[in-house]
Amino acid sequence: MVNSQSPITQAQASKNLNDRTLTMEPALEQENNKVSIIKYSEDLLVEINDLIKKKQLLDAVLVDASMVGFLFPSEVLLECSKLVPQLIDVGGALIFLAQDGAVAVIRESLSSPPQLRIFSNYRELFDLSTNIRHYVRLAVGKDTEFGSDRTDLAQQVLMSVTPVLTDKGLDRKTAIEVSSKHNLVLGLIDNYSSLASLVERCKDRLNEEQVLETLKDLEKEKSIYPMFSKVPFLVESFKTQGSFSIQEYFLRCQILTQGQIDSLLLELQGTPKRERMTLGALAVKKEMINSRQLEVAIQDQTFYGPSESNDKVKGAAAGTAEEKRVQSLVGHLGSTDPMSLLQNMATNRDTGILSVENRDLQFKCYFEAGKAVNARIGKMHGNDAVVEFASAWRQGIFVFMKRELSEDLTKDTCKLSRALEKLLLDAALAQDNTDVVWKKLPGGIDAVLEKVETRKDKIEGEPLIDPKEKKPLSAKDMDLCKRIWNALDGLTPLHRVIRSLQDVTTADVAYCVGILWDYQLVKVPEGDLATPLDKFQLLISMVKEQIGSDRSNAFLRLSFRDTLGYSSGARVFILSNKGEVGIDMVAIRRHSSSLTTVLQDLENWQVKYIEYISAELDKQTLLTIIHNIHDKGGSK
């Protein structure tokens, strides 16, 4: 995710952040002084070292990189990772935050090196630590939409976890004398009941949040084995469909430390093969865990760990009425296509919410006695959300939870105005029409297209004629065509363009792209940015050897000013103090520039730069440099 060859520089990042300030709320400082928020800048390492000098290990350090994304040198991340043991407490993390994702360096134990985790959206980050949400909101802005604190899959895993008493917890339970919320929850833990069951039993005296907070306290007191750290690990295992060992389970769920595992492995290695036992059994023998915790570990490994075909559906073992909040179905989209899944939900006549997660997108549909009532995918609501899911989704993790209508589905726009059967027919037609368009394009939905600027008058003039219907497009369709035309920059694949539009179905995008293609308003771009950029940088390096860095940099700035000045196209390029030329991909998309336009601007800048240096170099030297560049460029 971090691009070590990215042209953006720390100086540029600092400049971009000059107009952005971050203040820590006094109430927040009193609430928790073990979380620090800093902005990404060229002084990032200095600021981190200043935190280290305070000699207080922090639970989390959040680095606001929302203005530059992850376009900073990978060396910065590596240097920061080396400082994590001096900065972050065990179980904490150093987190780099972009607008739509995060990179975390997590300190999982005292002895093992920090682990790198990449989060494609904030919901995944909150699965790691729901408490971090408030600080993330402060770091990247209060108006940022994060979605729900926990994904439905993470919620299901959490509610299915079985709290297990440690020896200390068992002793405490048998000695209960006074009534308190801690003792109430402790008294109900029987090592077999799930969290969902405990919440149901406590509902007359404690709500779900209070039960969770009490269990966290019991976990800190070591009265129960760690259970909250299981959630992100088990969610990740289920999503990747990968197997894991008991050793990895104990370590990632923080049930055993790396030191304890090392001692167990060392003892096993010194034991004759015939006398060896499994690592889990040895941990029980050494009283590091009890036998019930080992049983729970094996159950989790059986349910979440096997790497099997992705069409297998897993049931949620909700054995009692108390566990009705745990979903009855969880699995992967595979041989079960979206249409069949929706039909199955309707046939079962259950009441609850079906949610399907695919990367940073989530489809949610509320069923009432088998009738689909409300639906949404991010900003896409109602009928469109169902059609989009049924016609365009091929991957994802689905979870059905028996619960009431959630707040994010209560908007009037989320209500379905058509029966599910009719929406599925619409989806089938949309899928067929979309496939026809993708077959026209080289690469289909992965094709990269750019607008043809010379035909701009066509898109801005009279309504285009639908070649199939032989009638003018509606005003709504024309507006959508213009919107999509502007979004095609010659850099972004169509599937990413569709995601960026957020409120437009894949079928509608395909329809407009098909018309734009037929009218030759879009094309497949010729060439790429990397090659001409590399050649320009090579030219600069060779010129520096002849006339020195200072003069070369001065000519670069002058030629840039003469070529692009203060135009919107100038914002696409990055020029560091060291004379490094780069291109800001984010700026290209933000200013709706096309690849052809950027390439032309880059060529004009290079030509003007050559004009300037021609006054400093003799003709033959300059020609030799240019020939060398073309020879090296051609050999790449």
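Structure first, text after, so check above.
Notes on the structure in this doc start here. (Residues numbered from 1 in each chain as written. Predicted model: local features only at pLDDT ≥ 70, side-chain atom pairs only at ≥ 80, totals over all residues. Heavy atoms only, no water.)

Assignment of secondary structure puts S237 in helix α12 (residues 230–240). Residue S237 is classed as buried on the basis of its relative accessible area of 6%. Among the polar contacts listed, one links the side chain of S237 to the backbone oxygen of F233, at a separation of 2.9 Å. Residues within four places of S237 in sequence aside, it is in contact with G242, F244 and Y304. (Helix = DSSP H or I, 4+ residues; strand = E, 2+ residues; numbered from the N terminus. Buried < 20%, exposed > 50% of the residue type's maximum accessible area, 1.4 Å probe, protein only. Polar contact = N/O pair within 3.5 Å; in protein donor to acceptor, adjacent residues only side chain to side chain. Contact = heavy atoms within 4.5 Å.)

Take the environment of Q537 next. Summarising the element assignment, Q537 is placed in helix α24 (residues 530–547). Among all residues touching Q537, those that are not within four sequence positions of it are G579, E580 and V581. Of the polar contacts made by the side chain of Q537, one reaches the backbone nitrogen of V581; its length is 2.8 Å.

Right, let's get into the nonpolar core. Core analysis: the largest hydrophobic core is formed by 53 residues, its most contacted members being L195, L215, Y249 and F250. Sequence-distant contacts of Y249, that is, excluding residues within four places in its chain, are made with K230, F233, L234, F244, I255, Q293, V296, A297 and D300. Formed by 29 residues, the second largest nonpolar core is a distinct cluster that contains L342, L354, C365 and A427. (Core = buried A, V, L, I, M, F, W, Y, C linked by side-chain atoms within 4.5 Å.)

So, about the sheet that holds strand β1 (residues 35–39). Across a sheet, paired strands are connected by hydrogen bonds in the backbone, their directions being either parallel or antiparallel. Judged by pairing direction, the sheet is mixed, and its 5 strands sit side by side in the order β1-β2-β3-β4-β5 without closing on themselves. In this open sheet, the two strands that pair with only one neighbour each are β1 and β5 (115–119). Taking the axes of each pair of neighbouring strands and ignoring which way they run, one obtains an average angle of 15° across the sheet. Relative to strand β2 (residues 58–64), β1 is paired through 5 bridges, and the arrangement is parallel. Bridging from a neighbouring strand, S36 pairs with V61 of β2. Lying over the sheet, helix α4 (residues 74–87) contacts β2, β3 (88–97), β4 (102–106) and β5, oriented at roughly 150° with respect to β3. (Pairing = 2+ DSSP bridges. Axes fitted to C-alpha atoms, helices over the stretch in contact; angles between N-to-C directions.)

The angle between the axes and the distance between the axes are what describe a pair of packed helices. Contact geometry for helix α8 (residues 167–174) and helix α9 (residues 181–188): axes closest at 10 Å, N-to-C directions at 110°. Relative to α9, the element α8 lies roughly perpendicular. Taken together, the residues of α9 that come into contact with α8 (itself represented by G169, R172 and K173) are H182, N183, L186 and G187. The residue makeup of the contact of α8 with α9, split by class, is 1 nonpolar, 4 polar and 2 charged. (Parallel < 35°, antiparallel > 145°, perpendicular 65-115°, else oblique. Nonpolar A, V, L, I, M, F, W, Y, C, P; charged D, E, K, R; others polar.)

What follows covers the packing of aromatic side chains. All told, the structure shown has 12 aromatic pairs when counted by the stated rule. Centroid distance F560 to F573: 6.4 Å. Interplanar angle 80°. Geometry classified as edge-to-face. One end of the pair, F560, is in helix α25 (residues 549–563); the other, F573, is in strand β18 (residues 573–575), with 13 residues separating them in the sequence. Residue F560 shares its accessibility class with F573, and that shared class is buried. Within the aromatic cluster, the residues linked to one another by ring pairs are F536, F560, F573, W605 and Y609. A cation over an aromatic ring shows up here: K216 above the ring of F228, its NZ or CZ 5.5 Å from the ring centre. When the ring centre of W485 is taken as reference, the NZ or CZ atom of K451 above it lies at 6.0 Å. (Phe/Tyr/Trp six-rings, centres within 6.5 Å; stacked < 30°, edge-to-face > 60°. Lys NZ or Arg CZ within 6 Å of the ring centre and 35° of its normal.)

Within strand β16 (residues 489–493), 4 of the 5 residues are buried, which leaves the element mostly enclosed by the surrounding structure. In terms of strand pairing, strand β13 (residues 448–451) meets β16 through 2 bridges, oriented antiparallel. Note that in β16 the partner of E450 across the bridge is D489.

This part is about unusual backbone geometry. Most peptide bonds are trans, and most residues other than glycine sit at a negative phi. Unusually for a residue other than glycine, Q254 sits at a positive phi of about 65°. Mapped onto the elements, Q254 comes out in the loop between α13 (246–252) and α14 (258–269). Residue classification places Q254 among the partly exposed residues on the basis of a relative accessible area of 43%. A positive phi angle, close to 55°, is found at R349, a residue other than glycine. Note that R349 resides in the loop between α17 (338–348) and β8 (352–358). Taking the relative accessible area as the measure of exposure, R349 reaches 59% and is therefore exposed.

What follows deals with the environment of K54. Within the secondary structure layout, K54 lies in the loop between α3 (44–53) and β2. K54 gets classed as exposed once you look at its relative accessible area, which sits at 63%.

When you tally the buried positions in β4, you get 5 out of 5 residues, the bulk of the element. On β4, burial covers both faces: A102, A104 and I106 on one face and V103 and V105 on the other are all buried. Pairing geometry for β3 and β4, over 5 bridges, is antiparallel. Following the sheet pairing, L94 is matched in β4 by V105.

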